[in-house]
Each structure stands twice: as C-alpha cells, then as structure tokens.
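Chain residues, written in single-letter form:
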Amino acid sequence: MSFAYRDGVYCAEGLSLEVVAQRYGTPCYVYSRAAIESAYREFEQAFAVADPHRRALICYSVKANSNLAVLSLLARLGAGFDIVSGGELARVRAAGGDLRKVVFSGVGKTEAEIVQALEAGILCLNLESGEELERTDAIARRLGLRAAVAFRVNPDVDAKTLPYISTGLKQNKFGVSYAEAERLYRDAAARPNIEVAGVGCHIGSQLTDPAPLADAARRIVALAERLERHGIALRHVDLGGGFGIRYNHESPPSIGIFIATLCGALGARRETLIVDPGRAIVGNAGVLLTRIEYVKRGEARNFAVVDAAMNDLLRPALYQAWHEVVAVRPAGVAIDSYDVVGPVCETADFLGKERKLSIVSGGLLAIRSAGAYGMAMSSNYNSRPRCPEVVVSGARAELVRPREHVEELYSQESIPAW
Ligand SMILES: *Cc1c(COP(=O)(O)O)cnc(C)c1O
C-alpha cells in the first residue's frame, strides 16, 4: 500500500505525513512514486495478459495531473501522452516525453496549437469537426508536411457516469457524430496533406462498468470495418480513458478487466490499441495533506475548519465528489461526525461531509484519492497561493513544486495611471 497507517501514523510509502507536513507545510499535495508506477505497469500487464500480440500504447492523459515530475516518471516508463492544449504539449516536451507518442484531443484547438503540434511531429491530432479538418489541412499544406489525424467519433452510448463527466452522448459538444464520420473520413483521405492515422473515442470519466466501453468499442470497430471497405485503412484505434477508480464504495472493474474488454471488442483487427487513462494512473497516487485550524461545534453540525479549500481541491464543490478523509494520527478523543470545510467564502467550500473522525485542532488530515484533477484544477480564488507538490519514493521526499508566494499572485498586475 502506498498510503497506509504505520505505527499509528498515516504514511506515504515509507515516510510519515507528519514529517512531510513539518518539512513542507500545509496544505500540500503528496504523491507516491510507487503508486504511479504500479498503476502504469498494471495497464502494461493487462495488455500483456489480454492480447499479447497486439501493439498497444498507453497515453497518459496529462490534464489529470500535469506536474513535470509525474510526466517524467511516466515518460521513463515508456508512456505516451494524451494532451488537450499547446500548454500540455510544452509540458510533455519539458518533461522529456516522446513527442512521437503524443495524441492531441480537444474540441477547440487554435491555429497556433495545430502548428505547434505538427512541427513537433506528434503521433496524431484527434479532430472534432469538418472545420478543424479544413484548418489542419491548410496549415499542413503551408508547412509542407502531412498531418496525421484521427476523428474523435461520438459513439452515442451512455457512460452512466456523473452528468458533468459523460462525454459520449449525442447532445454533447465533443467529437463528430457517428453518422457523419464516414463522410469526414472520405474527405480527409482525399487530401494530400492529410494522413488518416486512426479513429478515437472517449465516452466519459470515472466509468465503473465496462459495458458502455464495450458498446462504444464495438461501434468504433464497426466504423473501422466500413472504412476499410472504402479503402481507408487505420493504423490505430484510440478507445479513450475514463477507467474508474475507487473513491468510496464504488467497485470499478480492475484495469485487467477494462483492457480485456477493449481488446475483446477489437477481436482479430490488427490496429494498434491506444488508451488514454488519467485518473486511473494518478487518482489514488496522491493525497492532499491539510491541518485542522479550528474544531467548531455547532448546534446541528460539527466542523473541522482546515487550511485546504476548494481552490486547492475543487472536486467536492464542483461535482459533489466524495474523497475519503483520514486523520494522520487519530487524536485518541471520542470519534465524532464533522464536516471538513475550508476557509473560502462559499458554502460549496467543503472537502467532506459527516465524516467520523477522532480529531483535535492542530492535527493533520489526509484527503485521499486527490492525485487526479486536484492540483490540476486548483486556482488562486480568495488570493490563496497554490500549495506545494511533493513526490515520495520510499523514505525520500522531493519538493516538485514550491508553495506560491502571495506576491507572485499579483506581480503581473498593474494599476492604470488614470
Ligand atoms: C480527460 C480525457 C481522458 C482521461 O480521462 P480519465 O477519466 O482521467 O481517465 C482521456 N481521453 C480524453 C480524450 C480526455 O479528454
């Protein structure tokens, strides 16, 4: 276990989180190197077991956690990367990632981003409209190269996930419609500066049932078969990410089952299978470490007011997401029920509600499963400096992003002379 109690203290690998808090202060994101590496290896292993002869590429979805330390760890394991902006491409480059293993998704790529991606020689641009095809073609012609593309096709299956993070339905802004896909592929194949490389889909996030993924995969495979009959051969099929993790009482299938499902849907087809997991690689590899400033006993509820807030971890406020909260060293007082809240002036500023904890003020809490969409979605709301990030490996810790200083928050601002 990467995060577990040892001698009564909650630890990241071989390091007590009390030591981490002492060294780096709170709030603070703490990631386990072993957890990230083992999650990646679980994907590799799943492919090796389910379909040993299939070429596969695991493209880590950078938006889940884009710290260079995380990207570099994965790059060294041989990962590819799924990006959604030019900024993420720059990060992958800075972390030493292999740009030839980068797929670029996103509904609104700008001209500058497409230029940047083509000049970098990435594996594939996942196009989301006919207009984007036109734009990409024009840029490729101007640059005198061929742009490798796929269309992100919307398979119109219900991912049965949170409404905010389901992306595979008709009414959704992502992808091109299934009905339209064939025409777009024929159009693309006829353009000399476009190279049709593959097909993509991504139906949503935090999937806890492989059935919708299997449905989507079968629809995409049927499309690939039809394209082949029209003489359009694909090199890869990108079946997205969205593999769910355990936050609370969910029981998502194992990575092995997810991957076996996708390989099964591809059957005897020879294309390379690309997956782009984000949360499943880093979600349970991080905690947000926070100190209790006040314990406030109310008539209806008790509150643990902590020094982390919705600007540090937005998921509870944004999605009513549930994160397990544990006392780093249970205080030995009676267990009571607390709402764990931050100091931000919003009722939505909570990290957990009605949690049974043995705590006193001054103690430390760890908000678990905070490795994905935690720091990546953080902000400076309420002029709160962003917290530091630390990677633990065994008994070692390394600060991979320092705490911001308040002055940095407004150093680029100015006051007009008038
Ligand atoms: C966000 C995203 C992912 C990763 O989603 P997770 O739920 O973190 O696995 C994968 N592919 C695409 C296209 C995405 O936009």
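Residues numbered from 1 in each chain as written. Predicted model: local features only at pLDDT ≥ 70, side-chain atom pairs only at ≥ 80, totals over all residues. Heavy atoms only, no water.

**Examining the overall build of the chain**
Applicable threshold: The helix and strand labels rest on DSSP assignments: H or I over at least four residues marks a helix, E over at least two residues marks a strand, and numbering proceeds from the N terminus. Our radius of gyration looks at C-alpha atoms and nothing else; its globule reference is 2.2 Å times the residue count to the power 0.38. Only protein chains enter the area calculation, which uses a 1.4 Å probe; residues under 20% of their type maximum are buried, those over 50% are exposed, and those in between are partly exposed. When checking whether two residues touch, look at their non-hydrogen atoms; a contact exists if any pair is within 4.5 Å. For every accessible area listed, the method is Shrake-Rupley and the probe measures 1.4 Å; residues are considered covered only by the protein chains on display. When charges are counted, Lys and Arg contribute as positive and Asp and Glu as negative, whereas His and the chain ends are disregarded. Lys charges are placed at NZ, Arg charges at CZ, Asp charges at CG and Glu charges at CD.
For the chain, the count of helices and strands is 12 helices and 21 strands. Rg of the C-alpha trace for the chain: 23 Å, near the compact-globule value of 22 Å for 418 residues, within the 12% margin. Projecting the C-alpha coordinates of the chain onto the three principal axes gives extents of approximately 70 × 60 × 40 Å. Relative to its full complement of 418 residues, the chain shows a buried share of 56%. Looking at the chain alone, contacts between residues at least 24 apart form 70% of all its contacts between residues at least 6 apart. Accessible surface, the chain: about 18100 Å² in total, of which carbon and sulfur atoms supply 51%. Both charge centroids of the chain, one from 48 positive and one from 48 negative side chains, sit 3 Å from each other.

**Details of the site of the ligand**
Keep this limit in mind: Residues are counted as near a molecule or strand when any one of their heavy atoms sits within 4 Å of it. Counting of polar contacts relies on pairs of N or O atoms within 3.5 Å, with two restrictions inside protein: one atom must be capable of donating a hydrogen and the other of accepting it, and residues adjacent in sequence are counted only when both atoms are side-chain atoms. Polar here means any residue outside two lists: the nonpolar Ala, Val, Leu, Ile, Met, Phe, Trp, Tyr, Cys and Pro, and the charged Asp, Glu, Lys and Arg; Gly therefore counts as polar.
Close to the ligand lie 14 residues; Lys 63, Ser 205, Asp 276, Arg 279 and Tyr 373 are nearest. Lys 63 is positioned with one of its side-chain polar atoms (N or O) 2.8 Å from an oxygen atom of the ligand. Take Ser 205: an N or O atom from its side chain is 2.3 Å from an oxygen atom of the ligand. Here the residues of the shell around the ligand sort into 2 nonpolar, 7 polar and 5 charged.

**Focus: helix 2 (residues 33-50)**
Selection rule: Helix span, as expected, comes to 1.5 Å for every residue beyond the first.
Across its 18 residues, helix 2 extends 26 Å between first and last C-alpha, which sits within 8% of the 26 Å expected from 1.5 Å per residue. Those residues of helix 2 that sit buried are Ala 35, Ile 36, Glu 37, Ala 39, Tyr 40, Phe 43, Ala 46 and Phe 47. Residue Ser 32 occupies the N-cap position of helix 2, its side-chain oxygen lying 3.4 Å from the main-chain nitrogen of Ala 34.

**A few points about the packing of aromatic side chains**
We apply this condition: Pairs were defined over the aromatic rings of Phe, Tyr and Trp, the Trp ring being its six-membered one, requiring ring centres within 6.5 Å. Orientation was assigned from the angle between planes: stacked under 30 degrees, edge-to-face over 60, tilted for the rest. In our convention, an over-ring charge means Lys NZ or Arg CZ found within 6 Å of a ring centre and within 35 degrees of that ring's normal.
Evaluation of the coordinates by the stated rule reveals 5 aromatic pairs. The rings of Phe 43, Phe 243 and Phe 258 are connected pair by pair, giving a single aromatic cluster. Above the ring of Phe 350, the side-chain terminus of Lys 353 is found at 4.1 Å from the ring centroid.

**Section: the pairing of strand 20 (residues 389-393)**
Cut-off, in case you're wondering: What makes two strands pair is DSSP finding at least two bridges between them.
Counted residue by residue, strand 20 has 5 buried out of 5 residues, so it is predominantly covered. Side chains Glu 389, Val 391 and Ser 393 of strand 20 all project onto a buried face; the interleaved residues Val 390 and Val 392 project onto the opposite face, where all are buried too. The pairing of strand 4 (residues 28-32) with strand 20 spans 4 bridges and is parallel. Residue Tyr 29 lies in a different strand from strand 20, and its bridge partner there is Glu 389.

**Quick look at the domain arrangement of the chain**
Worth spelling out the cut-off: For the purposes of this description, domain bounds are those given by an automatic or database domain assignment. The buried area of a pairing is the accessible area, by a 1.4 Å probe, that goes missing from both parts when the two are put together, added over both. Basic side-chain nitrogens of Lys or Arg form a salt bridge, by our definition, when they fall within 4 Å of a carboxyl oxygen of Asp or Glu.
Entries for the chain in the domain assignment read domain 1 (3-32 + 283-409) and domain 2 (33-278). With centres defined by C-alpha atoms, the gap from domain 1 to domain 2 works out at 32 Å. If you look at the interface, domain 1 gives 25 residues, while domain 2 gives 17 residues. Between domain 1 and domain 2 the total buried area reaches about 1800 Å² when both faces are included, carbon and sulfur atoms providing 54% of it. Seen at the junction of domain 1 and domain 2, the total is 0 salt bridges. Here the side of domain 1 that touches domain 2 gets 4 residues from one element, more than from any other, and that element is strand 20. Across the side of domain 1 that touches domain 2, the residue classes break down as 11 nonpolar, 8 polar and 6 charged.

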